[in-house]
Amino acid sequence: MALYRRTQVYCKHIYSQKYKCARTFSYSKKILNEKKGLVVGVYVTDNEDDLKFTPAFKKINEKCGGKLLECTKLAISGVKVGKGQLFYNLDPQFPVVSVVGLGKEGTGYNEQENIHEGRENARIAASVGCRQLRDIGITNIVLEGLGHPEAAAEGATLGVWQYEEFKNEKKQMKIPQLELLENEDKCSWERGVIKAEGQNLSRRLMDTPANWKTPKIFSQIVTETLNIGGVDVIVRDKSWAENKKMGAFLSVAKGSLEPPAFLEIKYMGDPNNSKPIALVGKGVTFDSGGLSLKKAENMDLMRGDVGGGSCVVGTIYAAARLKLPVNIVGLVPLTENMPSGSANKPGDVVYAMNGKSITIIDTDYEGRLILADALCYAQEFKPRFVINMATLTLEILIALGASASGAYSNSTPLVESLCQAGALSGDRVWRMPLWRYFSQQVTNSQYSDLINLAGPMGGSCTAAAFLQEFMPKGDWIHLDIASVMGIGDTTPYLSKGMTGRPTRTLIEFIIKQING
């Protein structure tokens, strides 16, 4: 019958005769929906056949007369890192318990991997347990902190979310309600939830089909979503960009029937009116390549080329929800890159806002054109520092895979702080070279000050060198996030699709700047 779903837990046959938890049961979905599921963790020791238990595990085990412990020992292979095991009918309050593996207790920063393994294990475990419970129809899930409540909240909130807005409502996966087990660090938990919700917003904006997020629609979505305390969203139009002499940005936009927009988002969380942090994000809502047309295969993924702008929005959303005492200005130039009779042509020369001329070698390298004008405009806010991010080059994906975002900076302290934030968030950043060697390539033009494509080698590095030409002063980081956009990403707590990376790293980084 449709109302019933058979779920199985495999334990040794001899044990199945002793406790109901080890047998096969049929449950009414309605009954499961009215009850809570629980996620608790266990650690492994140097002896892989031994387990160490969290306080929450011990408490539940005592309530059920030791049955949880005996079940877990029999199913020990199912509670390694990245795995979980479901047990049924052990406790009246929680008819289903997911026991998840946390690795070794006390695991911290791994210098070789440049990641805090304890936090990352908690994220993975939380997502595994919550997905297991979600998939059998549990709609109210309680989690212990798994040693790192903030990370557990991130993993759980990211793990149960997936983009399904255009599916029939009856076929959509129901996102369960998540809550922290009592007597845990609730402040850390709530902070983790908000960080993950910021990333989920970025994921949603990236994955939305291009016809449902034109520059106009994207601006409307952001205006409605950021209608929260301390945030002001201004949508600039084409005539404003013309008055600012943003010739590089407008040259990309002229190929599309959809008019461009320029988002200016202000979050003023510091009453002392300190200098703002400027976040600049590439906002190409669909990238066909223009006249230098991309291949049809996987072109649909170019709905995610708005990833930089989406991360700006997600970061500011989380900063406002967390009420961070900092001022942030977010700038997102929005346009489509389309082929038409009015589109940019290879060999065209355009002028950026700072007066520099640019020869367009390839129209598919449009992101750096729109960012050039946005970086120039960012200087008007006299920012504390500038971070721009963009799904900019295939070369960074080739270099780093989906392991990290590529970071280019003129400030070693700033980029090192960002890398530390990535180690804590589990969404790593790796510094790349910003050398004169690459600058010489983008300025080596007979006809103009710059070219938008400089040879077949070191493409991500020459793109960064190009953008540096529009940052005449001040500390600056360029993040090439094409590597973490979603292509080939295997992050355990992210479903297939666009990732919204590195939103949480940026939030962690901003918090680090506040705390010094």
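Residues numbered from 1 in each chain as written. Predicted model: local features only at pLDDT ≥ 70, side-chain atom pairs only at ≥ 80, totals over all residues. Heavy atoms only, no water.

(A) Quick look at the environment of Leu-394. Mapped onto the fold, Leu-394 is located in helix α13 (residues 394-400). Separated by 242 residues in sequence, Leu-394 and Ala-152 have C-alpha atoms that sit 32 Å apart. (Helix = DSSP H or I, 4+ residues; strand = E, 2+ residues; numbered from the N terminus.)

(B) Quick look at the pairing of strand β14 (residues 283-287). Burial within β14 is extensive, with five of its five residues counted as buried. Pairing analysis gives four bridges linking β14 to strand β15 (residues 327-337), with the strands arranged parallel. Directly across from Gly-283, in β15, lies its bridge partner Leu-334. (Buried < 20%, exposed > 50% of the residue type's maximum accessible area, 1.4 Å probe, protein only. Pairing = 2+ DSSP bridges.)

(C) Region of the structure containing the side chain of Lys-282. Note that Lys-282 resides in the loop between β13 (277-281) and β14. Taking the relative accessible area as the measure of exposure, Lys-282 reaches 2% and is therefore buried. Of note is the side chain of Lys-282, whose polar atom sits 2.9 Å from the side chain of Asp-305. (Polar contact = N/O pair within 3.5 Å; in protein donor to acceptor, adjacent residues only side chain to side chain.)

(D) Representation of the sheet that holds strand β17 (residues 357-359) in the model. Within the open sheet, the three strands sit side by side as β16-β17-β21. Their pairing is mixed. Pairing within the sheet leaves two strands with one partner each, and these edge strands are β16 (349-351) and β21 (450-451). Two strands pair when backbone bridges link them, and β17 and β21 are joined in this way by two bridges, in the parallel orientation. In the strand pairing of β21, Thr-359 is matched with Ile-451.

(E) Summary view of the packing of helix α11 (residues 307-321) against helix α17 (residues 503-515). At a closest axis distance of 9 Å, the pairing of α11 and α17 adopts a crossing angle of 45°. Judged by the angle between their axes, α11 and α17 are oblique. The two elements α11 and α17 cross, and the hand of that crossing is right-handed. Contacts between α11 and α17 involve Cys-311, Gly-314, Thr-315 and Ala-318 from the former and Thr-503, Leu-506, Ile-507 and Ile-510 from the latter. (Axes fitted to C-alpha atoms, helices over the stretch in contact; angles between N-to-C directions. Parallel < 35°, antiparallel > 145°, perpendicular 65-115°, else oblique. Left-handed = near helix turned anticlockwise from the far one by under 90°. Contact = heavy atoms within 4.5 Å.)

(F) Molecular detail of helix α7 (residues 186-207). For α7, built from 22 residues, the straight-helix expectation of 32 Å at 1.5 Å per residue is met to within 8% by its first-to-last C-alpha distance of 31 Å. For α7, a buried count of 16 out of 22 residues is recorded, marking the element as mostly surrounded by other parts of the structure. Its side-chain oxygen at 3.4 Å from the backbone nitrogen of Cys-187, Asp-185 defines the N-terminal cap of α7. (Expected span 1.5 Å × (residues − 1).)

(G) The arrangement of unusual backbone geometry in detail. The step from Arg-501 to Pro-502 runs through a cis peptide bond, and the omega angle for that step is 5°. For Pro-502, the position within the fold is in the loop between β22 (476-480) and α17. The backbone of Leu-146 shows a phi angle near 55°, a positive value even though the residue is not glycine. Among the structural elements, Leu-146 can be located in the loop between β9 (140-143) and α6 (149-159).

(H) View of the confidence of the model for the protein chain. Residues of the protein chain with pLDDT of at least 70 account for 93%, and the chain-wide mean is 92. Predicted confidence is poor over residues 1-31, with pLDDT under 50, and the contacts of this stretch with residues over four places away or in other chains come to 48 contacts. (pLDDT = per-residue confidence, 0-100.)

(I) Up close: the pattern of salt bridges. One pass over the full model with this rule turns up 29 salt bridges. One salt bridge in this structure joins Arg-134 and Asp-135, with 3.1 Å as the shortest N-O distance. Through salt bridges with shared partners, a single ionic network connects Glu-120, Arg-123, Glu-154 and Arg-504. (Salt bridge = Lys/Arg side-chain N within 4 Å of Asp/Glu carboxyl O.)

(J) Here's a closer look at the nonpolar core. If you look at the biggest cluster of nonpolar residues, it comprises 51 residues, and the most contacted ones within it are Phe-262, Val-280, Leu-331, Ile-358, Leu-375, Phe-466 and Phe-470. A total of nine residues in this core trace back to one element, the largest contributor, which is helix α12 (residues 367-378). Dropping the residues within four chain positions of it, Phe-262 is found in contact with Ile-234, Val-235, Arg-236, Trp-240, Met-246, Phe-249, Leu-331, Val-332, Pro-333, Ala-374 and Tyr-377. (Core = buried A, V, L, I, M, F, W, Y, C linked by side-chain atoms within 4.5 Å.)

(K) Helix α4 (residues 67-74), seen in detail. All of the buried residues in α4 are Leu-68, Cys-71 and Thr-72. The buried residues of α4 occupy an angular sector of 100° when the element is viewed end-on, so they sit on one face. (Arc of directions from axis to C-beta.)

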